[in-house]
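Residue strings, one per chain:
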Amino acid sequence: MDAKKSIEALQLFVTGLTEGALVHKMQGQIFKSQGFEKLGQKYIDHFNEEMEWVEKFVSRILDLGGEVKFEGAKSRDLICNPIDYVKADLEIQCAGVDLLYKCVETVINDPTTYDILKAYLADEEEDLYWSRGAIEMIECIGAQNWLLRQL
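Note that the structure is predicted; figures quoted are calculated from it, not measured.

Now for the packing of aromatic side chains. For the structure on display, the rule yields nine aromatic pairs. Each ring, one from Trp53 and one from Phe57, has its centre 6.0 Å from the other, and the planes form 35 degrees; the classification is tilted. Of the two residues, Trp53 and Phe57 are both situated in helix H2 (residues 37-63); the distance of four residues between them amounts to about one turn of the helix. Like Trp53, the residue Phe57 is buried in the burial classification. Through a chain of ring-to-ring contacts, three or more aromatic side chains come together here, namely Phe13, Trp53, Phe57 and Tyr120. Directly above the aromatic system of Tyr43 lies the positively charged group of Lys42, at a separation of 5.1 Å from the ring centroid. The aromatic ring of Trp130 is capped on one face by Lys42, whose charged end is 4.3 Å from the ring centroid.

Okay, structure coming up:
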């Protein structure tokens, strides 16, 4: 097992996921303020779920004797239009899932980290499918009808 590879992979997700989670929280608050209660709560709940993953990753880094880093978040524009946000988030999710597949391969000799990242990958794929389904639904029933379902 190469603990250094595992720590690097986990730290990458601690940093990126913390940033993404914070954006989800703020987006959720924006959507709730616009009256899209269900959509807003979905993203706020997503924040909480993502932070649970961050805790798991941090714990594993510490178990491996690594040093956890708090690396600054990049500035990101928040998107007020819910449909535009779902589309933008889908692009980020696609890239993230691709990265996760690569990272899972690099830690295959560390069964514990492998299992953690594999479980996280399954969770992220579920989120990816939700976003794809939302876009398909928007195309099928129209933007206004989809937005009404988010109230």
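Here we take up the pattern of salt bridges. Enumeration according to the criterion identifies three salt bridges in this entry. A salt bridge links Arg76 to Glu19, with the nearest nitrogen and oxygen atoms 3.6 Å apart. Taken together, the residues Arg76 in the loop between H2 and helix H3 (82-106) and Glu19 in helix H1 (residues 3-33) connect sequence positions 57 residues apart. Residue classification places Glu19 among the buried positions, given a relative accessible area of 13%. A salt bridge links Lys32 to Glu37; the shortest N-O distance between them is 3.2 Å.

Conventions we followed
Residues numbered from 1 in each chain as written. Predicted model: local features only at pLDDT ≥ 70, side-chain atom pairs only at ≥ 80, totals over all residues. Heavy atoms only, no water. Phe/Tyr/Trp six-rings, centres within 6.5 Å; stacked < 30°, edge-to-face > 60°. Helix = DSSP H or I, 4+ residues; strand = E, 2+ residues; numbered from the N terminus. Buried < 20%, exposed > 50% of the residue type's maximum accessible area, 1.4 Å probe, protein only. Lys NZ or Arg CZ within 6 Å of the ring centre and 35° of its normal. Salt bridge = Lys/Arg side-chain N within 4 Å of Asp/Glu carboxyl O.

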